[in-house]
Every structure is written in structure tokens, then in C-alpha cells.
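Listed here are the chains, written in short residue letters.
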Amino acid sequence: MANENQSATAQQSDTDQLISTDPGGGGLSEQSDNQTVDSETESVVQSQNLDVYYGDTQALQDITIEIPSNRVTAMIGPSGCGKSTFLRCINRMNDLVDIARVEGDLYFHGQNVYDDYVDPVALRRRIGMVFQHPNPFPKSIYDNVAYGLRIQGNTENLDAKVEQSLKRAALWDEVKDRLDDSALDLSGGQQQRLCIARAIAVDPEVILMDEPASALDPIATSQIEDLIEELAEEYTVVIVTHNMQQAARISDQTAVFLTGGELVEFDDTDKIFENPESQRVEDYITGKFG
Amino acid sequence: MSNTIDLSGDRGSQDLREGIYGVVFFVCAAISVLTTIGIILALVLPTLTFLGEVPIREFLLGTQFSPAIQPTVFGVLPLVFGTLLITVGAAAVALPVGLLTATYLSEYASHRRRAVLKPLLEILAGVPTVVYGYFALVYVTPLLDAIPGLELGTFNALSASLVMGIMIIPMVSSISEDSMSAVPESIRNAAYGLGATKYRVSTSVVIPSAVSGIASSYILALSRAIGETMIVVVAAGQSARFPDSISGLLNSFFQSTQTMTSAIVQLGTSDLAGGTTAYRALFAIGLTLFVMTFVLNVVSDVITMRYQEDYE
Amino acid sequence: MATPTSSETTFESVSRTKGAVFEYLTLGASLFGLVALGVLLLYVFWDAFGLATAEIAWYGALVICVVAPTLGFVAYARRNTVAGEVALELVSTAMGGLLAGFGVIAVIEVIAGPAVWFAYFLTVVAPLVGLFLYNRARPEVTWVGLAMLGVLIAGPIIGTLTLDTLTQIESLIGGPFVYLLSLVLPAAVIARYVIDDYLELGNGNFAAGLVVAVAFFAVPLIDTLPLVSRSVWLIFLSTLVTPLGIVAWKNLAAPENRVGFAGPGIFIGGVGLLLIVTDALGLSGPTPWFDWQYLTSNPSRFADQAGLYSAIIGSVFIIVLVALITLALGVGAAIFLEEYAPDSGPGAAIARLIRINISNLAGVPSVVYGILGLAVFANLVGLGFGTVITAALTLSLLILPIVIISAREAIRAVPDSIRNASYGMGATKWQTTRNIVLPRAIPGILTGTILALGRAIGETAPLIMIGVATTKFSPPSGLFSKTTAMPMQIFAWSSYPSAEFQHGVVAAGVVTLLVVLLTMNSIAILLRNKFETEEL
């Protein structure tokens, strides 16, 4: 990871220059003013003037954002305002949607992921994703966690790596005696933690989470939230949630998307929830509109 | 910018393997296209030669079919008539029975009865057609013959069409029932709310709402009956007739008949040499048959697509 | 608030007679076809089993010894469903094993002979299975798929080229030993895996050893039975005895399942009792047309000597080939259409064309496929008229659209959520298809294929058109030998006017065909039910 930190810092200044010369459209001018990403925190994922269309409908407008590394970044906003769409742009899962069209740039480690030479499969092996509804494979618990390692041909010390992932996902104690049982036998909360273990087994740098706790009961939800805070020590976590309290609890930075796919404000979580710059954000947070 | 991670995804031989798999699967799928091309060529090429020897008017409009016995004449109408005769007879059994069955399954039957009846009905479609032909010849014809007043030849169109009708009941009932089940409860409830009886709801609300699916199932069943071979080959005989009066038409049920399919079989198994006109008639008849069933299938698809009721 | 006037509070009742009549009409319609078919089946079974020739007293004994107790068990099973399920499982495993055993005998022992079988076993089957097991043990090795493809292509070629030398092996070690190596040992190994990993009953190794031990120690007993040769014994050991043993063991292990054994037990015991009683009382049973002699004799002009043997072997040979061809091509096409076909652009148009084409092909009359087979396989490619390979290819094209359609449905039923999970982790398309989609879809694919094969086994018109002989007096001996098939033979016999043929020989043939079909369909439906309840 060491070299990558250095080169990321080098790229940081490049992209800083690019951003500061950007006149900035829409409600995005806050970006350079509220650049509270301190200079010690690198950013592994940045987007610049990202527009996404589904057919003729525009789902994201001119999104420019820097996701800080090793932090939890939450994306909140009403339904249908593009949060999940943006998430899926990061690892190019939107490619699987036929009518999706992406314009603009999105950088991962300084490389534009939408360049022609970039292979989405290679990209996704560096970025993990956890979905809203737990989706473990109909295989054993062990095989689920080992899946990513196996398809990458990375099979030395498989047992140790599986154990480590399950421990990091706070699931090891509950399943260590039944690794060969079917993953579908687990409860919802356990399945979601298994999906997290599966995602981190290949040691990605970024973990994308699309409303990971919305299908779970309150106890399982709080377990997931604790887990997310721990994960941020090693990974960059980007989490989409429609639960504002959750975002306030666990995230370091929060991005607020409002209707039409507009990124209205992006700042430290405390600032967003206590004293946001934008009136629209304040209205949303205090519930004046949905 | 120095790239410390490689996003180009060059996995060397694995990429080659991925590519190979893609091609292999495409070839598997493309074989179906080759099949269609093969069918069309196999039918059209000999037919062209045939139509060089037999004028198309004689083929399409002639009312006599005598490929082997002199004077040879190759009119397809008697065969078409035979096919239609059997088809009408089968439809007379299958269409009403199938629709009533579908109504019972979708409107009246309890879940358990439905779960038992539906697979049982599929059995009707699963019996080999040569077995049905045998049943018609050996059991149904003597039974019908025993009815006083009915004079049946050993080979006759009535037994064959009756048995064929039984065979295609599941086609009608299954597709119609799917269509009727798709009618939303809300429409039925609206009718009940107005004080309609179940009978009224079924006949005047559900069936009309599902009519495109029902029509489509009818057409598919007709197409199946037209293309059916073994029942008629075994039980209906091989006399190509074209009636010249209405009473002759009705009488045709009780006599032996030749359909397009059984003519094809007869020509294929006869001692006719490969290069003769009579042998090539086989392909011409086959092309006619193919066109008829193809048109019917396309019409059925069009009806399903265009008139599929959108209930929302 | 309106107060009801006293004279208007009664509601007229609406007549329901029309509705009642209609309901009975629809019920009658639903049963009409089934009743008609049932009557026809009764007739044909009556003829085939010669039921007219038995004494009334014999029927009485039959009812008392067999029918009543079995019906009693069925009634009991309606309340104790576990017993019914276990009994059904035992019976279907037995039937399936019998059918598989006969199939193996037909293909390997009769058609190919143990020498040829062993040659291809060494060059094709063993390497394939070895690769498969190697892949299971070390899933990360990625060249296994292509290696298996290579073996599939090169293996038969190598086998054919070296046939002369390889067949010498058999003469050295003997036919039965060939079967021991190629059938019994694999069956023992499979039994071990099923018992240990799948059923988790423990003692898998013991079971495997038991299988091999039984193979040897039963030989002296087998030698005393006239009908059963050592080879036949070993074949049935692997296809019938071992699976039945596994199923029996599994059900014996669970105390509440043991009742199920009463079902087949009552039936078999009843039959035994019947034989004793009728022998003691001198009751004469029916003289069936459908008997062992019928199944093992070749056709003949004389009704009492006629048999279905060559037709059965021919049908088995053809269907095995059809199964291999349609599974390979059908699953491949379905994978392309569901996983690989692009959603937009020219590729999507091609894929749509292929889909439409396939559903059209499903509606083409079977006699047209016969014409296709005649023109292309028999004439153009020159594979011969009425040969096994021509018949297999023609029938494969006939049922290929059906197999593709049901394979597509099975693949589509795999939920997108787990596909997304796999892609999200950076799996390639083939990795996702092979590891996630296919394993989930295989039961549905198999069910659809078995049902389609049931259709193929009964098809006559295409066989007539490609020149399959109406009568052959010996079973086929190779891919290019002319053959007959069951429906073809039935068709031929149905034109013999004598009553013995019409109501005897043909009836027995129909019953044979129907029994085979019934078994195949039951296996398919059992497969489907079993895997539908296992998921979720």
C-alpha cells in the first residue's frame, strides 16, 4: 500500500489543479470552499462532471466529488436522486444496465475508469460491493468467502484468508464450526455480514455499500454499523443510505444528493447535520420535504 | 501519472479462453438458424424442379391427386381437404372441451384439484402419436362402428379426428388457462360487486378478457393438428378425395382420407425412384404444409403480442 | 337515515341452476380427455396382458394378495405422508435403476461390447471424470474446462484409432473385470461421496468397500442363475443395487422413515404369496403378450414368436446419442442467449433473430424434420438411410428447440442478485456462468431435457422419412448400421391385419413404449420436485 499512498498524493495535487480550474456548475461551488478533506487524507476515488443518463432521463447531474480514503463517506438523499447510481458508477456496475450512459470522468487511483483500456472486471477486483438485500451464493459459507479469491487464482493459504475475513466481518465466532453449511441457513444479519466478509476477502481498497442494513432488523443493523466503523480503519467505505440517523452515526463525510441527481453539498458529517450551508439541505435534514 | 495498479485487465490466456467460450456458445445457438435454412432449402429446391414439371395451377388448384397410378396428376387440393377435414373434426372436440377445461381450472377448481389435474392433462399430450393412431384404428373405430346407423370403413377420418382432438386438448386448455388466470382479481371483484353470479363472471367477464390468449391457443392447436402425421397415417387411410357436394363432404368423415402429411409419408416410403416427379411431389407438399403451419404460428404470435391485454 | 319499508326487506334469490350446470359441464370437460385416454389405456393393457385368459378365481387371489394390501398401504400413506414419500423414493430408485441398467446393457454390452466400451472408457470417460474430480479438489486451476473440451474431441478420435490395440485388453482381463473397473469401482466411489458429503450419514468408505465386496462374493450365487451372467450382475450392481442400497440406508437411518419400506414390501410379499397360492390351488393366470420372451425376441412374422428386442436396443442407442447431442448444443445455445447475448446493437438483433427462430422451429411439424434429415443427413452428408446416426441427428434437431427453451427458462430462473454479487466481485462472464448460474440451473435443465427425450422416443414420422426399416431382425451394432426403433416397429405391426397382431403383439409394444415413457417422465418430475423443495 505504501507506494500507492505516495502516488495517490502526487495525483491528488494534479486533480486539485483540475478541480480548482473548474468553474463548477450547479450547486457544486461549495466543493473548493468546503474542501475539508485535509491534506493528509488522500482520495482514491474522484469524479468530475459526471453525468449519467438512463435512456433519456438524466439520473446524475455534473457530479464532482472526492471520496477520502480510509473514511466512511455516506451518501444520503430522497429516493431516486441518484445515490445508488453514483455508487454503481464507481465500479462500473452500471455497465450491466443496457440503457445507462455515462459522461464525464471518474478516477480510481488517478486513472479514469471509463477509459477504453480499462477492463471493468479488473476494476471490480479492487473494489468490493455489498448490496441492499443479502445475496450469498447458494454454496457453503466457506465457498462464499473463498469465491473471490478463487476466481482471481489467489488460493494459497485459503483457509487462513477465509478465517481472517470472517473475523474482520465479526462473523467468525458464529460460524467457525459450520463453515461447510449452506450460507442460506444463516439469518439475514448473518448473511449480510457474510456478504461483507466475501467482499473484503480479496482485500479491495474501496468497499461500496448500497443501503446494506435497510433489509435488516434493528439489532442486525447496529451490528452492521459497528462493523462499518471498524472497516474504515483499513478500507475506504462509501455507503448509500436513506436513513439519516445512520449516516449521522457512522460516517465521517456526508454527501447530500437531492432530486434530479444533483450533489448539493458534501462536507464533514457534523457540519452537514448541524450547520449545513445550503438551505435545501437544511430543509431535507429537518424533514421539511422528503 | 504513474500507474501503480493495472486496470487494463490483461489476463493473458484467460482472456483467450473467455473468447473461445463465447464463440462456442454462439455456434451452438447459430445451429438453430442453420436448421431453418436447411429446412427451407430441403423443401424449396426440389419443389422448384417439381414446378418445372408440373404447372403450378395444376398443383395448387387441381382436385385430383394420383402420383403413381396413370394418368398421374398432382393436385394438392384433395390433400388440403383431407387435412382440413381432420383438423375441423379435431377442433370440434378440442376447442370447446379445452376452453371449458380451462374455465374449470381457472375459475372453479380448488388449488388441490388444479395441482392434480394440470399435470394429468399434460399426460394427454405426452402419449406418442403412433399410439394414438393405434388406439383410433383398433379401439375407437370398432366402438364407433357399433353405433347403429353409423357405417364406418376400417380407415376413416372420424376416428382419427376424434383421437387427435383428445390429443390437442391440453394445448388449448393450458394456454387458455394461463390467459384466464392472468385476468386480475380486481376485474372479477368488480363484477361480483355488481351482483353477478360466478357463471356470469366466468363467461361474460373473464373469457372475453382473456380472448387473445384463447384465440392464440386455438390457432396453435390448429397448427398442431395440421402437422400431425402418425394418427392419420395409421387410422385414416390413404385415399385422396375431393368431394363434389355437401353430402359428399359430410360423408368424407366416414371414409378413408389422405392428408398432406400422410401423402408425404406415402410418397417417402413408396418404391418411387429418387429422381422422379412423383417423388418430388413429396417436397412440394411438404413446402405447402410448412408454409401453412408457419403462417398459423406467426399469426398466433402476433395475436399474443399485439392484443395482449394490459390490465394496469 | 332511511327506514326500510316493511314490504321491501326480502331479497329475491338469483337462480343458480345455470351456474351449477355450467360448473358440472366444465368439470366434465376437464375429465373427458382423461377418461377417454383411461379407457383406451385399459383396453390396451387388457390386450397386452392377456387378461381375458385368466380365471376369475385367479383375479380373486390377485385382489386378496396384492391389490387390497397395497391399496391399504396407499390409504395409510395418505395420512402418513412420510411413509408415502419413502415408498415412492424406493420404488422410483428401483425403476430408474432398472431402466438405467437395461440402458447400459443395451448400449455397452449388446451394441458396443465390453472391449470397445473399455477402449473408449480409457480414452474418454476416465480422463473426463479424472479432470472433473481434479477440478473439485483444486478449483483454482483454470485450464480444466478447456482440457475437458479437448478430451471430448480428441478422446473419441484417439480411441477409434487405437481401437485394435485397446480391445486386446479386454481379451486379457475378461468382460466382467472390465465392468468391475469401469462401472462398479466408480459406483463405489460415487456412493462414498454421496453418503459422506451429500447425505452425511457417515461410513462412506465402509459403503464403498461393501459394494466391491458384494461384487465379488455374490459371484458364486450369480453363477447358479441362468438368466444373469456375471457381466449383467455387475452392471445391475452399479446402476440398481448401489443406488437402491444408498436410498434404503438413508431411510433406514431415520426411524420415522422406516415405515415406508412397508409399501414395496407389501407389494413384493403379496406377489410372492400370489404365486404360492395360485400354484397350490392350480389357478391359471393370464397369458400375457407382454412378457420376458417378448422383450428379448426379435420381430417375426409369427405372432407368438414376435418380440421387440431389436427395436428396444435401437431406440436406446438412438436416445442416448440424442441426449448427448441435445444437452451439449441446447445448453450451449441457452447460455449464449441468456448470458452472453448483448442487449443492444447488432449483436442484440442477431440474438433476437435466433430466439424467434427457435420458437418457430418448435412449431414445425415433425414430418418436415424427417424431410430435413432425409435431404441433409442421409443424402447430402451421406450418413445412410435409416442408420443410427442419421436417426439420432434428425431427432436431435427435432427436440433441440424444446431443450433450448426449457434450458433458457431454467437459467432465467437463477436470480439476478447472485449474478450481480458475482460480477461485483470482478468475476468474468464465464466464471459467473460456470460457478453460479449453471449449478443452480442444472436440475431444471435436466428435467426439461428428460421430458424432451420422452417426446423423441415416441416420434415416428421423422424416422419413416429417413428410411428407418420397419423391421430389422437384429439389433444395431454401430453408429452406421441400419436400425429400427420402438415406435417404428409398432407402426409396422399395426398394419398386419391378424387379430393376434392387432390385439396382442402391437398392444404389448404399446405397453412397453408407455412404460418407458412413464418412467422417464416420473424421473423428470421427481427431479424437479426434489430440487424445487431443496432451494429456499
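All chains use their own residue numbering, which begins from 1 and follows the written sequence. As a convention, the first chain written is A and the first ligand written is 1, with the rest following in written order. For a predicted model such as this one, the threshold for reporting local features is a pLDDT of at least 70, and the threshold for listing and counting side-chain atom pairs is 80 or more; totals across whole chains, interfaces and linings nevertheless cover every residue. In computing side-chain properties, one takes all heavy atoms of the structure into account and sets aside hydrogens as well as water.

Engineer: Can you lay out the overall build of chain C for me, pointing to particular residues and giving the numbers?
Structural biologist: Helix and strand definitions follow DSSP, with helices as H or I runs of at least four residues and strands as E runs of at least two, each counted in order from the N terminus. Looking only at helices and strands, chain C features 20 helices and zero strands. Considering only residue pairs separated by 6 or more positions, chain C has 73% of its internal contacts joining residues 24 or more positions apart. Approximately 25,300 Å² of chain C is accessible, and the part contributed by carbon and sulfur atoms is 70%. Residues counted as positive are Lys and Arg, residues counted as negative are Asp and Glu, and His and the chain ends are not counted. Taken as the charge centre is NZ of Lys, CZ of Arg, CG of Asp or CD of Glu, depending on the residue. Averaging the locations of the 24 positively and 29 negatively charged side chains of chain C gives two centres separated by 8 Å. Contact definition: two residues touch when any of their heavy atoms are within 4.5 Å. In these tables, accessible area is a Shrake-Rupley quantity obtained with a 1.4 Å probe, and a residue counts as shielded only by the protein chains included in the view.

Engineer: Provide a residue-level description of the environment of B:Ser256, including the pertinent values.
Structural biologist: All names here are of chain B. Here Ser256 lies in the loop between α11 (246–251) and α12 (260–269). Summary of the burial criterion: residues with accessible area below 20% of their type's maximum are buried, those above 50% are exposed, and those between are partly exposed, where the area comes from a 1.4 Å probe applied to protein chains only. Judged by its relative accessible area of 11%, Ser256 falls in the buried class. Placed 19 residues apart in sequence, Ser256 and Gly237 show a C-alpha to C-alpha distance of 4.8 Å. Those residues in contact with Ser256 that lie beyond four places of it in its chain are Phe155, Asn156, Ala236, Gly237, Gln238, Ser239 and Arg241. Pairing of N or O atoms within 3.5 Å defines a polar contact, subject to two protein rules: one partner must be a possible hydrogen donor and the other a possible acceptor, and residues neighboring in sequence count only if both atoms are side-chain atoms. Among the polar contacts made by the side chain of Ser256, one reaches the side chain of Ser239 at a distance of 2.5 Å.

Engineer: I'd like a rundown of the packing of aromatic side chains, residues and numbers included.
Structural biologist: In this analysis, rings of Phe, Tyr and Trp, with Trp reduced to its six-membered ring, are considered paired at centre separations within 6.5 Å, and the interplanar angle assigns stacked below 30 degrees, edge-to-face beyond 60, and tilted for intermediate values. For the structure shown, the criterion picks out 29 aromatic pairs over all chains. Note on B:Tyr139 and C:Tyr43: the rings are 4.9 Å apart at their centroids and 20° apart in plane angle, and the pair reads as stacked. Of this pair, B:Tyr139 sits in helix α5 (residues 129–145) while C:Tyr43 sits in helix α1 (residues 17–48), placing the two residues on different chains. Aromatic rings pair up to connect B:Tyr21, B:Phe25, C:Tyr340 and C:Trp430 into one cluster.

Engineer: Please set out the interface of chain B and chain C residue by residue, giving values where relevant.
Structural biologist: Across the boundary between the two partners, chain B contributes 75 residues, which contact 72 residues of chain C. Roughly 6,300 Å² is buried in total at the junction of chain B and chain C, and carbon and sulfur atoms are behind 78% of that figure. The largest contributions to the chain B side of the interface with chain C come from B:Tyr21, B:Phe25 and B:Tyr139, which together make up 10% of the buried area. Any carboxyl oxygen of Asp or Glu that lies within 4 Å of a side-chain nitrogen of Lys or Arg is treated as forming a salt bridge with it. Applying the counting criterion to the chain B and chain C interface returns zero salt bridges. Counting every contact that joins chain B to chain C gives nine residue pairs in polar contact (both at pLDDT 80 or more). Top element by residues in the side of chain B that touches chain C is helix α1 (residues 13–53) of chain B. It accounts for 20 residues. Just so you know the grouping, Ala, Val, Leu, Ile, Met, Phe, Trp, Tyr, Cys and Pro go in nonpolar, Asp, Glu, Lys and Arg go in charged, and all remaining residues, Gly too, go in polar. Taken together, the residues of the side of chain B that touches chain C sort by class into 48 nonpolar, 21 polar and six charged. Buried area: the accessible surface (1.4 Å probe) lost by two parts on joining, summed over both.

Engineer: Can you tell me about a nonpolar patch on the surface, naming the residues and giving the values?
Structural biologist: Only residues whose relative accessible area exceeds 30% and that form no salt bridge are eligible for patches; like-charged ones are grouped when within 9 Å, while nonpolar side chains (Val, Leu, Ile, Met, Phe, Trp, Tyr) are grouped when within 5 Å. On the surface, a cluster of nonpolar side chains totalling about 740 Å² of accessible area is made up of B:Leu16, B:Ile20, B:Val24, C:Leu149, C:Leu152, C:Ile153, C:Ile157 and C:Leu161. Listing elements by their share of the nonpolar patch, those giving two or more residues are α1 of chain B together with α4 (144–161) of chain C. Along the chain, B:Leu16 falls in helix α1. Residue classification places B:Leu16 among the exposed residues on the basis of a relative accessible area of 58%.

Engineer: Talk me through the UniProt feature "domain: ABC transmembrane type-1" (unreviewed entry) in chain C; I want residue IDs and the actual numbers.
Structural biologist: UniProt positions are given in the numbering used here, feature names are shortened, and annotations may be inferred rather than shown by experiment. When the UniProt feature table is mapped to this numbering, "domain: ABC transmembrane type-1" (unreviewed entry) covers residues 312–524 of chain C. In residues 312–524 of chain C, the share of helix is 76% and the share of strand is 0%. The end C-alpha atoms are 21 Å apart.

Engineer: An account of the nonpolar core is needed here, citing residue identities and associated values.
Structural biologist: Only buried residues count toward a nonpolar core. Its members are Ala, Val, Leu, Ile, Met, Phe, Trp, Tyr and Cys residues joined through side-chain atoms within 4.5 Å. Counting residues in hydrophobic clusters, the biggest one holds 215 residues, and the most contacted among them are A:Phe86, B:Tyr132 and B:Ile285. The element that contributes the greatest number of residues to this core is helix α12 (residues 309–340) of chain C, accounting for 16 residues. Apart from the residues lying within four places of it in its own chain, the contact partners of B:Tyr132 are B:Leu124, B:Val127, B:Val163, B:Ile166, B:Met167, B:Ile231 and C:Leu37. Among the nonpolar cores identified, the runner-up in size contains 49 residues, and A:Val162, A:Ala232, A:Ala247 and A:Ile285 belong to it.

Engineer: Give me the lowdown on unusual backbone geometry, citing residues and values where you can.
Structural biologist: With glycine set apart, most residues show a phi of negative sign, and most peptide bonds adopt trans. Residue and element names in this part refer to chain A. Here the phi dihedral of Arg92 falls at roughly 55°; this positive angle occurs in a residue that is not glycine. Considering the arrangement of structural elements, one finds Arg92 in the loop between α3 (83–90) and β4 (100–108). A positive phi angle is found at Glu211, which is not glycine, with a value near 45°. Within the secondary structure, Glu211 is located in the loop between β7 (206–210) and α9 (218–231).

Engineer: Can you break down the domain arrangement of chain C residue by residue, with the values?
Structural biologist: Often the size quoted for an interface is simply the accessible area lost on bringing the parts together. Residue and element names in this part refer to chain C. Domain parsing of chain C yields domain 1 (80–253) and domain 2 (303–534). The source of the domain bounds is an automatic or database domain assignment. Placing the centre of domain 1 and that of domain 2 at their C-alpha centroids yields a distance of 24 Å. Contacts between domain 1 and domain 2 engage twelve residues on the former and 16 residues on the latter. Taken together, the two surfaces of domain 1 and domain 2 that pack against each other cover about 1,100 Å², and 73% of this comes from carbon and sulfur. Counting the contacts that link domain 1 with domain 2 gives zero salt bridges. In terms of residue count, the dominant contributor to the side of domain 1 that touches domain 2 is helix α3 (residues 81–137) (eleven residues). Of the residues that constitute the side of domain 1 that touches domain 2, the class distribution is eight nonpolar, four polar and no charged.

Engineer: An account of the packing of α12(C) against helix α19 (residues 486–493) of chain C is requested, with residue identities and associated values reported.
Structural biologist: Angles here are taken between N-to-C directions and fall from 0 to 180 degrees, while the axes themselves are lines fitted to C-alpha atoms, restricted in helices to the stretch in contact. Following both chains from N to C, one finds α12(C) and α19(C) inclined at 145°, their axes separated by 7 Å at the closest point. On α19(C), the residues that touch C:Ala311, C:Ile312 and C:Ser315 of α12(C) are C:Met486, C:Pro487 and C:Gln489.

Engineer: Quick one: what's the story with the layout of surface pockets, residue by residue and with numbers?
Structural biologist: As defined here, a cavity is a set of points on a 1 Å grid over the protein atoms alone where a 1.4 Å probe fits but cannot get out. A pocket is an open set with protein on both sides within 12 Å along at least five of seven lines, and residues line them when an atom is within 4 Å of a point. Grid points are joined across faces, edges and corners, and a volume is the space filled by probe spheres set on the points. By volume, the second largest pocket amounts to about 960 Å³. Lining the second largest pocket are 35 residues, and of these A:Leu96, A:Val97, C:Asp343, C:Asn420 and C:Tyr423 lie nearest its centre. Listed by contribution, the elements that provide at least two residues to the lining of the second largest pocket are α4 (120–124) of chain A together with α12, α15 (388–412) and α16 (416–424) of chain C. For the lining of the second largest pocket, the leading source of residues is α16(C), giving five residues. Grouping the constituent residues of the lining of the second largest pocket by class yields 14 nonpolar, six polar and 15 charged.

Engineer: Got a sec to walk through the side chain of A:Thr241? Specific residues and values, please.
Structural biologist: All names here are of chain A. Within the fold, Thr241 resides in the loop between β8 (236–240) and α10 (244–250). What makes Thr241 buried here is its relative accessible area of 3%. In this structure, Thr241 is in contact with Met75, Ile76, Gly77, Lys83, Glu211, Gln246 and Ala247, ignoring residues within four places of it in sequence.

Engineer: Describe the UniProt feature "transmembrane region" (unreviewed entry) in chain B, with residues and values.
Structural biologist: Under the feature "transmembrane region" (unreviewed entry), the UniProt entry names residues 20–45, 76–100, 120–140, 152–172 and 281–299 of chain B. A helix fraction of 76% and a strand fraction of 0% characterise residues 152–172 of chain B, whose end C-alpha atoms lie 29 Å from each other.

Engineer: Could you give an account of the domain arrangement of chain B, with specific residues and numbers?
Structural biologist: Residues and elements named next belong to chain B. Segmenting chain B into domains produces domain 1 (13–53) and domain 2 (65–307). Once you take the C-alpha centre of each, domain 1 and domain 2 turn out to be 31 Å apart. With ten residues of domain 1 at the interface, the matching set in domain 2 holds nine residues. Counting the surface domain 1 buries against domain 2, the share from its top three residues, Leu43, Phe50 and Glu53, is 56%. Inspection of the region where domain 1 meets domain 2 yields one salt bridge. For Arg280, the salt bridge identified is with Glu53, shortest N-O distance 2.6 Å. Where domain 1 touches domain 2, the interface holds three residue pairs in polar contact (both at pLDDT 80 or more). Looking at the side of domain 1 that touches domain 2 residue by residue, the class counts come to seven nonpolar, two polar and one charged.

Engineer: Give a description of the environment of A:Cys89 that names residues and reports values.
Structural biologist: All names here are of chain A. Take Cys89: it is sitting in helix α3. Classification of Cys89 as buried rests on a relative accessible area of 0%. Each C-alpha atom of the pair Cys89 and Pro212 lies 17 Å from the other, and the pair is 123 residues apart in sequence. Ignoring anything within four residues of it in the chain, the contact list for Cys89 reads Leu50, Val52, Asn94, Val102, Leu106, Val113 and Tyr114.

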